[in-house]
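Analysis of the macromolecular model
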Amino acid sequence: MNAVSTLPDDLDDALEASLGRFPAAELTRSVQTLIRQYREGFDRSVPALSSEVAVAAYAGYRMPATYSAVRAALRQVALFASGFAPRTQVDVGGGTGSALWAASAVWPTLRTVTVLEQSPSAIAFGQRLAGHAPAAAVREARWQRAFVDRSTPAPVADLVTMSYVLGELSPAVQEDVVGSLASETARAAGMLVIVEPGTPAGYARIAAARQLLTKSGLHLVAPCPHDGQCPIRPDQDWCHFAVRLGRTALHRRIKEGTLSFEDEKFSYIAASALPWQRAESRILRHPLKRKGLVTLRLCTAEDGLTDRVVSKRQGETYREARDVVWGDAWPPPADESPSPAGQEGDSSTVS
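This is a predicted model, so every value here is computed, not measured.

Counting across every chain of the model gives three cavities of 30 Å³ or more. There is about 140 Å³ of room inside the largest cavity. Considering the residues around the largest cavity, the lining is formed by 17 residues, among which R210, P223, C224, C230 and C239 are closest to the centre. Secondary-structure elements contributing two or more residues to the lining of the largest cavity are α8 (200-215) and β8 (261-272). With four residues, α8 is the largest single contributor of residues to the lining of the largest cavity. Of the residues assigned to the lining of the largest cavity, the class counts are 14 nonpolar, one polar and two charged. Empty space within the second largest cavity amounts to approximately 60 Å³.

For the rest of this paragraph, the subject is the state of the cysteines. Scanning the entire structure with this criterion turns up zero disulfides. Cysteine C230 shares no disulfide, and the gap to the nearest cysteine sulfur, in C299, comes to 6.2 Å. Cysteine C239 shares no disulfide, and the gap to the nearest cysteine sulfur, in C230, comes to 6.4 Å. Owing to a relative accessible area of 14%, C239 belongs among the buried residues under this scheme.

Let us look at the packing of aromatic side chains. As enumerated under the stated definition, the model contains five aromatic pairs in all. With centroids separated by 6.2 Å and ring planes inclined at 70 degrees, the aromatic side chains of F84 and W276 adopt a geometry described as edge-to-face. Of this pair, F84 sits in the loop between α3 (52-80) and β1 (88-92) while W276 sits in the loop between β8 and β9 (281-283), and the two are 192 residues apart along the sequence. The class of F84 is buried, set by a relative accessible area of 10%. Centre to centre, the rings of F241 and Y268 are 5.7 Å apart; their planes meet at 55 degrees, and the pair counts as tilted.

With that settled, consider the pairing of strand β12 (residues 304-311). When strand β11 (residues 293-300) meets β12, the two strands line up antiparallel, connected through eight bridges. Looking across to β12, one finds that C299 is bridged to L305.

Attention now goes to the environment of G93. Tracing the backbone through its elements, the reader meets G93 in the loop between β1 and α4 (98-106). A relative accessible area of 18% means that G93 is categorised as buried. Sequence-distant contacts of G93, defined by excluding residues within four places in its chain, comprise L116, E117, V148 and V165.

Moving on, we come to the pattern of salt bridges. Inspection of every chain in the model, using the stated rule, returns 10 salt bridges. In this structure, D235 and R233 form a salt bridge, with 2.9 Å as the shortest nitrogen-oxygen distance. We note a salt bridge from D263 to R244, for which the minimum N-O separation is 2.7 Å. Residue D263 is located in strand β8, and its partner R244 is located in strand β7 (residues 241-246); the two are separated by 19 residues in the primary sequence. Note on D263: relative accessible area 34%, which makes it partly exposed.

Take the side chain of S98 next. Within the secondary structure layout, S98 lies in helix α4. Leave out the neighbours within four places in its chain, and S98 touches M63, T66 and Y67.

Between its terminal C-alpha atoms α3 stretches 40 Å, which fits the 42 Å expected from 29 residues at 1.5 Å a residue. Along its length, α3 reaches its greatest deviation from straightness, about 50 degrees, at R62, and the proline P64 lies no more than four positions downstream. Counting buried positions along α3 gives 23 out of 29 residues, so the element sits mostly inside the fold.

What follows is about the packing of helix α1 (residues 9-19) against α3. Contact pair α1 / α3: the axes reach a minimum separation of 10 Å and the direction vectors enclose 145 degrees. Both α1 and α3 take part in a crossing whose hand is left-handed. Where α1 abuts α3, its residues L11, L15 and L19 lie against A56, A59, G60 and M63. Per-class residue counts for the contact of α1 with α3 are six nonpolar, one polar and no charged.

It is worth spelling out a positive patch on the surface at this point. A contiguous patch of positive charge on the surface is contributed by K289, K291, K312 and R322. Note on placement: R322 falls in helix α10 (residues 316-323). Given a relative accessible area of 34%, R322 falls into the partly exposed group.

With that out of the way, let us pick up the environment of E196. Tracing the backbone through its elements, the reader meets E196 in strand β5 (residues 191-197). C-alpha of E196 to C-alpha of S267: the two residues are 71 residues apart in sequence and 5.3 Å apart in space. One polar contact links the side chain of E196 to the main-chain amide nitrogen of G167, over a distance of 3.4 Å.

We now examine the side chain of E196. Given a relative accessible area of 1%, E196 falls into the buried group. Within the structure, the side chain of E196 is placed 3.2 Å from the backbone nitrogen of V165, a separation counted as a polar contact. Residue contacts for E196: discarding those within four places in its chain leaves Y164, V165, L166, G167, G202, R205, I206, F266 and S267.

Further remarks concern the nonpolar core. Judged by nonpolar contacts, the single largest core of 65 residues is most densely connected at V77, M191 and F266. For this core, the element with the most residues is α3, which contributes 14 residues. If near-sequence neighbours (up to four positions away) are discounted, M191 is found in contact with V77, A81, F84, D158, L159, V160, T185, V221, A271, S272 and W276. Among the nonpolar cores identified, the runner-up in size contains 26 residues, and A157, V173, C224 and A271 belong to it.

Conventions we followed
- Residues numbered from 1 in each chain as written.
- Predicted model: local features only at pLDDT ≥ 70, side-chain atom pairs only at ≥ 80, totals over all residues.
- Heavy atoms only, no water.
- 1 Å grid on protein atoms, 1.4 Å probe; cavity = no way out; pocket = protein on both sides within 12 Å on 5 of 7 lines; lining within 4 Å.
- Points joined across faces, edges and corners; volume = space filled by probe spheres on them.
- Helix = DSSP H or I, 4+ residues; strand = E, 2+ residues; numbered from the N terminus.
- Nonpolar A, V, L, I, M, F, W, Y, C, P; charged D, E, K, R; others polar.
- Disulfide = S-S within 2.5 Å.
- Buried < 20%, exposed > 50% of the residue type's maximum accessible area, 1.4 Å probe, protein only.
- Phe/Tyr/Trp six-rings, centres within 6.5 Å; stacked < 30°, edge-to-face > 60°.
- Pairing = 2+ DSSP bridges.
- Contact = heavy atoms within 4.5 Å.
- Salt bridge = Lys/Arg side-chain N within 4 Å of Asp/Glu carboxyl O.
- Expected span 1.5 Å × (residues − 1).
- Bend = angle between axes of the 7 residues up to and from the residue.
- Axes fitted to C-alpha atoms, helices over the stretch in contact; angles between N-to-C directions.
- Left-handed = near helix turned anticlockwise from the far one by under 90°.
- Patch = residues over 30% accessible without salt bridge, like charges linked within 9 Å, V, L, I, M, F, W, Y side chains within 5 Å.
- Areas by Shrake-Rupley, 256 points an atom, 1.4 Å probe, with all protein chains shown as cover.
- Lys, Arg positive; Asp, Glu negative; His and termini not counted.
- Charge placed at Lys NZ, Arg CZ, Asp CG, Glu CD.
- Polar contact = N/O pair within 3.5 Å; in protein donor to acceptor, adjacent residues only side chain to side chain.
- Core = buried A, V, L, I, M, F, W, Y, C linked by side-chain atoms within 4.5 Å.

Pasting the structure below:
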């Protein structure tokens, strides 16, 4: 498992102060309602974040996990798209702004950020938190009320993010929204990153989005090592990853949890109009480490799903295998990743 992820101090402090405006018992009740909705499915006729306390409960319950998952996904993108330096971002269905903070942590080049969110209470809460951000792009973000549906205007930005949103939409609207985002990403030569829960249903939504993105002519950047058909059979497995995050005392209290950490499982897909270099293969499970041997479950461009055994006799390769974790690229990327194929300074061939 990776090191424990924590919120930036500024966001953590602002979140604690904002949650302190509400009785802990009331927050706990709202969190239990949200947990039930996530497990049983959302009633699409009723806004999930319709009151201030519901928004506060959502922020306390989900912001640490959403921030950590989105940041983990964006970091994998940045490892290979090292020449990608977005100056503009649009976050679709942005809630209270987790993806803004995450993207700013990965790309300090961001200058102009827009959040599209339907709940006025979520917008107000997110703006309050953003006011404490050290990054000007987050502090000065534009928050725009908008419904994520067929009528949503396709955003134009270097980076478009959409996290934990598709599950709140009907399948038909999911297809329309992803198709619209894909078309605009292709036209603007930008990067689109979609994150969903790491459940079979969440992965199914990512797999459907993946198909639409490749059909639109976009190149997959992460986690996939190729643009071909996904080798994972949905009835047998699903592609997902995990990040471990620390729980604050308040976080534990409103979730009625006892552990000091939790593991957030997520699925994601990143695609671009540009053919960035990408992983040769992706580690799909915790590496199995035994004395003198490491077994890696990999998704590869050439062999599909395969198990690769690395022995101690392989020296440096073995040492690298001992250090990698679930979700990493294999082999590990060099310190400096190449630029997109065809751009200045890159003569490599993109698989």
